[in-house]
Amino acid sequence: MKIKRLLILASMALIGFSACTKDSDDDNTTTPQQFPQELLIDGTRYELTEGFVLSYGQSSFHQGTNLDLNVVTSGISVSFDASGSPDTATGSGYIFYLEMYSPDSTFISPGTYTIDTAGSGNLFTISSGATFTYGIANEVEYGFINGSVEVTSSNGVSTFVGTFTAQGGKEVKFSYQKALAVIDDN
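These remarks concern the structure in this document.

Conventions adopted
Residues numbered from 1 in each chain as written. Predicted model: local features only at pLDDT ≥ 70, side-chain atom pairs only at ≥ 80, totals over all residues. Heavy atoms only, no water. Helix = DSSP H or I, 4+ residues; strand = E, 2+ residues; numbered from the N terminus. Polar contact = N/O pair within 3.5 Å; in protein donor to acceptor, adjacent residues only side chain to side chain. Contact = heavy atoms within 4.5 Å. Salt bridge = Lys/Arg side-chain N within 4 Å of Asp/Glu carboxyl O. Buried < 20%, exposed > 50% of the residue type's maximum accessible area, 1.4 Å probe, protein only. Phe/Tyr/Trp six-rings, centres within 6.5 Å; stacked < 30°, edge-to-face > 60°. Pairing = 2+ DSSP bridges. Core = buried A, V, L, I, M, F, W, Y, C linked by side-chain atoms within 4.5 Å.

### Some thoughts on the side chain of S102
Along the chain, the position of S102 falls in strand β6 (residues 93-102). Of note is the side chain of S102, whose polar atom sits 3.2 Å from the backbone nitrogen of D104. A distance of 3.0 Å separates the side chain of S102 from the side chain of S109, its partner in a polar contact. Residues in contact with S102, not counting those within four places in the same chain, are G64, T65, L67, F107, I108, S109, Y113 and L123.

Pasting the structure below:
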């Protein structure tokens, strides 16, 4: 009887297996729904949801435009005021933040942005970056001491893929893809 059950299970598995079609490996395009919207902190995955860019404009002490990428994990909801600026956040989770210097003032230009601990404000640098808990007792911040993010853009959709080392040696990775609003905050 045991053998008969195993044969039936094996037959069902073979039928299920043969009914599957091969996925196409030739299509390298992704959509925001397929792209991994995630923050990984020492291997623990958190889903990234809402994101926006704050523009602090240009000044004499840095090159290009100071654009700050802000992305939150699921569990946090950001409210915007009538002018479209972030007003409040509710819930709990992680906030991911990068202060970047872009040659363009209306979006984060494609390229590789690298942590610059000296804060020189040169193009394609990140003067500060961190991920921190929000809405949780004993909030924790992991400031980045090195790392980089690759930014690409297609049809108004920006793609970010980065790896950072935070204070204390924590490894932080993230990938995010979205058409981001740039909000003037200067």
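### As for the pattern of salt bridges
In total, this model carries 2 salt bridges according to the counting rule given. Of the charged contacts in the structure, one is a salt bridge between R45 and E38, with a shortest N-O distance of 2.8 Å. Of the residues examined, E38 reaches a relative accessible area of 17% and is grouped as buried.

### A word on the side chain of S85
Assignment of secondary structure puts S85 in the loop between β4 (76-80) and β5 (86-91). If we skip the residues at most four places from it in the chain, S85 touches S79, F80 and I183.

### Here's the deal with the packing of aromatic side chains
Inspection of every chain in the model, using the stated rule, returns 8 aromatic pairs. Ring plane angle 45 degrees and centroid distance 5.7 Å describe the contact between F96 and F144, whose orientation is recorded as tilted. Of the two residues, F96 is situated in strand β6 and F144 in strand β9 (residues 141-154); the sequence distance between them amounts to 48 residues. For the pair shown, F96 and F144 are each scored as buried.

### Overview of the pairing of strand β11 (residues 171-178)
The pairing of strand β1 (residues 38-41) with β11 spans 4 bridges and is classified as antiparallel. Looking across to β11, one finds that L39 is bridged to F174. When strand β10 (residues 157-166) meets β11, the two strands line up antiparallel, connected through 8 bridges. Across the sheet, residue T159 finds its bridge partner in β11, namely Q177. As consecutive antiparallel partners, β10 and β11 are separated by 4 residues, and within that stretch G168 has a phi angle of approximately 85 degrees, a positive value.

### A word on unusual backbone geometry
Even without being a glycine, D42 presents a positive backbone phi close to 50 degrees. By the element assignment, D42 lies in the loop between β1 and β2 (44-55). Its relative accessible area of 45% is what places D42 among the partly exposed residues. Positioned with a positive phi, N155 is a non-glycine residue whose angle comes to about 55 degrees. Among the structural elements, N155 can be located in the loop between β9 and β10.

### Observations regarding the nonpolar core
Counting 26 residues, the largest nonpolar core has L69, L98, V149 and F174 as its most contacted members. Apart from residues no more than four positions distant in its own chain, F174 is found in contact with E38, L39, L48, L69, F96, L98, V149, F160, V161, G162 and F164. One finds V72, I76, V78 and I95 within the second-largest nonpolar core, a separate group that totals 7 residues.

### What about the environment of L39?
Take L39: it is sitting in strand β1. Judged by its relative accessible area of 0%, L39 falls in the buried class. Remark: the alpha-carbon pair of L39 and I95, spanning 56 residues in sequence, is separated by 9.6 Å. Excluding anything up to four places from it in sequence, L39 contacts T44, R45, Y46, L48, T73, Y94, F96, T131, V172, K173 and F174.

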